[in-house]
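Topology and contacts: notes
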Amino acid sequence: MDYLSTAMSSAFQRKDEMSQNTKPKKGPNPMSYPKSAEPFSLELFENPTSEYRGCPFWAWNTRLDKDQLLRQIDYFQEMGMGGFHMHVRVGLDTEYMGTEFMDLIQSCVDYAEKKKMLACLYDEDRWPSGSAGGLVIQKWPETKAKHIVFTPRARGSSISNNLKSDQPIEAKESHLLARYSVTLDENGCLKSSKVLKKGEAGINEWYLYEETNGPDPWFNDQTYVDTLSEDAMGKFISITHEKYKEKVGDKFGTTIPCIFTDEPQFTIKRQLGNPKSQDEVIMPWTTDLPHSYKKLYSSDLIEDFPQIVWNLPAGQASAARYRFHDHTCERFVTAFMDQISAWCRKNNIFLDGHMMEEPRLQSQTAALGEAMRCYRSMDMPGMDLLCDWTEYNTAKQVTSVARQNGLRGAMSELYGVTHWDFTFEGHKGCGDWQAVLGITFRVHHLTWVSMAGEGKRDYPACIGYQSPWYKEYGYIESHFARVGVAMTRGKAVTRVAVVHPIESYWLAFGPNGSGDELDVREKAFGDLTWWLLHGHIDFDFISESLLPGQSPGTTSDNKFKVGACEYDVVILPNLRTIRSTTLKALRAFTKAGGNVIIAGMAPDLVDAQVPKSTPSIEGSRSILWGQQSIVNALEEYRDIKIFNEQGNGCGRYLYQMRQDDDGRRFVFIVNRERNDAENTTINLKGEWALTALDTLTGTSEPIIGRITSGWTTFPHRFEGCSSLLLHLTPLKSPPKLLPQPPPPCPSSQPHPHLPPTSWSAPTEVLRIDNEIRSRLGMPRKGGAWRQPWTVPFSDREARTRVTMKFEFTSRFTISSVTRLALEDPHMMKVTLNNLPLTPPKVKKGEVPAYWVDEAIQTIPIPGNTIKSGINTLTVSFPFGILTNIERLYILGEFSVHVDGRTASIAPLNPGLLNWGNIVDQGFPFYVGNVTYNINYYTASSRSATLHVPDFSSPLLSITDGKSGKKIGNIAFQPRRLELGEGKGIQRLSVTCYGNRFNSFGHIHMPGWITACFPDVWRSGGDWWTDNYDLKPVGVLSCPTVELYKSPLGDSTSDSPSIEDPSEQKLIHPAELYNYHQNGGGKPNEVSEGKEHGRKESSGSWVIVVGKGKAAEVEEEDVEAN
């Protein structure tokens, strides 16, 4: 199939010509890591600069305000971030790409430059990239996405495109391409097919339609764009990238290193449910696809189409199926990825981002054709990982292309859908395995500008100032930045290459239920990666489509050269087909003395066709498919061995090794087990002097190793979730032996008053919102609705007025001032027990008092307003399409008692607070930080270690109670912290950082459901419970202070206090044994704290008013804003 390889080579030739003709005029892009080409610097390792730090998604999801944006850039720097991606999300109410929007982009870029941070662009309104929030389609309707439908029925008007699986897409402009007579055999395989002429009758008739996608609210009532069309994607560039260039192009390649493209795709392919089903088959399309297909393959795509849908008899391979998948992928990559990458290179800015559905063979076949081909022209190829799980193949696909293209790093969008209670241990564990596989640029999912309305349900947690631990996040981010300083240097030491099996999978991509080949190939794809990585054999994938453009060849030392990489051995994993170009290169490799291993089935097809002669590779070795046989066959290519105390290989670890230009190496090893520790012996091929680089502190120290038979060996204990970064220096002489270093409270539900004269039953507030919208004929809010910036002012007018009544019980009259926290208070008429509550006046430019997020403002409630008994809170407001109905919160000094679906306020008795879950101790809805004060006594000077074995918190921060100086953090196993030496009474303050789940999570979902996508807050049925389902919070068991230099310890720890972090004063000055004997101690305190001088309200006992009664008033009664 020479024409195929010629087409591929031409594509790469065009890319190379573009890069040669568009040399950057500025210095190197910071994301090319130019400092990693300089001699290794311990100073840089200790204090990594911005390019090594993450740039989170910064969700622009509200009416934007310049001062607010600049404040949040300050918070990013406090968190240890290197910059940010300005990413439009659900809720944007500033015209996308309009004058004000672009001015704010400019302001943020200028401020980032001043602070030596990175301001990264994002190319879309929400995602997937390509339509510019509908602006492309609005201006050029001919660029709408297209698809074909193969159906046994004359075409109707509605299909499910599966672009958004829960969003049916209305098809317009349906056009019949062909009508077929189809004959299947008894197994449901295609026996014959014929295109029928007009008026000709057939047996088992099927229809092929070309259709244009119809409007979808996700695209602001437009459609997705035709990503197979170079012309359409050129228009996307003109309306997006060129506008950014016009406004901030002078900062491209410096302060603005990159622009993110998010989940581009073509129409998701849909197979038959089974070979004889009457399902509709859906495939991607563009109008001239038959023309380009015929030009390339000299075949008629319309006539061949049934061979794409059904399998052929007797296991015959369908060349038409293979070609269709290959050609649609090439059209997509050429139109979208190559064209945008060429523009970026011409304008000195990197293209970063990730594709749609990269992980599995099935998913990438359906959405892209092939993932690796999509990365070929990206300067910062990337992946995403939603939730806290493990999926190695996506990372290996991305980093393989990055390595082969000579790039120092790759990107990951990570931590999405992990929820508010995701811990620092989770952040490290999830990030570590990606870093060890080659991810260097972290794009945190995500930080919100605002929690208003739907914003707070946009895949939390918010990795920003709204989380109470935000100022401690540098502990995590600096760890990864230091890893990046080392692991962007030199080249990866990778001796093994694996030919990617995607093209053999294409051949099996027929009807579901027609055999197990699809499942077998999918499982083998995951198994091989797991076997190699956990067998401590690093490898890269080879993409057959990319190989012709990567100058494959054999070096003088019998290495297989692929771009910037060289491999000792190439594995063919159960392939059915191999490209002629790949076969030719591997034959030359083995002829020159190289090694090829055929694992499992050898390919019997070349370019998806039966060749004239067997496609054998002389000099190759065939082995059985299985973990032991494959890993054993690669033993001679191993660079590291890790054994446990029993002398067995340890499969829980992953590693990456890189060789610097000066011959030194860096090795990064991570423990995939987050809870279990293990003593190991590490063996490194070669004779090395070893230095351990501590990524949590930025320090370094030598390690004593033993040289045995050309290997360097040393013991190391891996704690749970731990990692080890080593710097290896070649030994020129025998090593010198060095000494070993020694609460909110939910009230009753509001009663929605929908008829004018009566109240409804108590109902959760988001259900009230749903009901009102249904009655008014408005679209419901949720994860996929039209952006506010597209709603004209004429459509924003109030349609009715809503009154909500909340009733809650208090067991006492609260004499102190409390506060009500709510959104849009200036739109509300609020009364509590018939007393009007009004927001305080704020000077122009001043930030109103708020709780958690600036959108959740607070109103003072005078003392003695909340009475013993039932209290009634009434909120009335005009209701329009953009109105937010959200939970309300009462903040004050009280405790809260929850009983199933009800909660009541009770007097605060902080002296009873003890170790354990604070949810059960009167603080069920408290979402701030808790400070525990510990005293211990030593008669003589002793070293001490604090051990906190069980806590439910992102991290613990420990400070000296006397000096106020921070001692350190406890976030990972073994959950110990060395305190240093002391004598006499020692005082510790342990701050247990909270999370926002118990006030903002889906607290009415059963605990077995862990999902946190936006619409789960509006769930029902089995996914709903009226009872409160809350997460545990606090130090759950009593810590211990371990003393040394004495056979007997004389320490213990007292009960906790929850205090205002702004005071940090000692609660228990007495010796611990006196405290326990006499029951001494100051009453406990709780507070959110006045963090960072922000005008955040400082109260901490909170009553969540999340349910109530609502009343809707007739439209003529609506008051003006």
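Structure shown above.
Reference entry: report on the structure contained in this document.

Parameters at a glance
Residues numbered from 1 in each chain as written. Predicted model: local features only at pLDDT ≥ 70, side-chain atom pairs only at ≥ 80, totals over all residues. Heavy atoms only, no water. Axes fitted to C-alpha atoms, helices over the stretch in contact; angles between N-to-C directions. Helix = DSSP H or I, 4+ residues; strand = E, 2+ residues; numbered from the N terminus. Parallel < 35°, antiparallel > 145°, perpendicular 65-115°, else oblique. Contact = heavy atoms within 4.5 Å. Nonpolar A, V, L, I, M, F, W, Y, C, P; charged D, E, K, R; others polar. Buried < 20%, exposed > 50% of the residue type's maximum accessible area, 1.4 Å probe, protein only. Pairing = 2+ DSSP bridges.

Across the interface, helix α9 (residues 301-309) lies against helix α10 (residues 319-346) with an axial gap of 8 Å and an inter-helix angle of 100 degrees. Relative to α10, α9 is oriented roughly perpendicular. Taking contact as the criterion, the partners of L301, D304, Q307, I308 and V309 in α9 are, on α10, A320, R321 and F324. Residue classes in the contact of α9 with α10 are distributed as five nonpolar, one polar and two charged.

Once that is clear, we can look at the side chain of T582. Residue position: T582 is located in helix α18 (residues 580-591). For T582, a relative accessible area of 1% translates into the label buried. In this view, T582 contacts E544 and L547; residues no more than four positions away in its chain are not counted.

In this section: the sheet that holds strand β2 (residues 83-88). Pairing is parallel in the open sheet, where nine strands are placed in the order β14-β13-β12-β11-β9-β3-β2-β1-β15. Every other strand in the sheet has two partners, leaving β14 (441-444) and β15 (447-448) as the edge strands with one partner each. As defined by bridge partners, strand β1 (residues 57-60) adjoins β15 across two bridges and the pair is classed as parallel. From the neighbouring strand, A59 faces β15, where its bridge partner is W448. Sheet strands touched by helix α4 (residues 99-114): β1, β2 and β3 (118-122). Its angle to β2, the strand with the most contacts, is close to 170 degrees. Here α10 sits on the sheet and contacts β9 (258-262) and β11 (350-354); the angle it forms with β11, its principal contact strand, is near 145 degrees.

With eight of nine residues buried, strand β42 (residues 853-861) is to be regarded as a mostly interior element. Pairing geometry for strand β38 (residues 818-823) and β42, over six bridges, is antiparallel. Bridged to L820 within β42 is I859. Where strand β41 (residues 850-851) lies against β42, two bridges are found, and the strand directions are antiparallel. Bridge pairing links Y850 to Q857 in β42.

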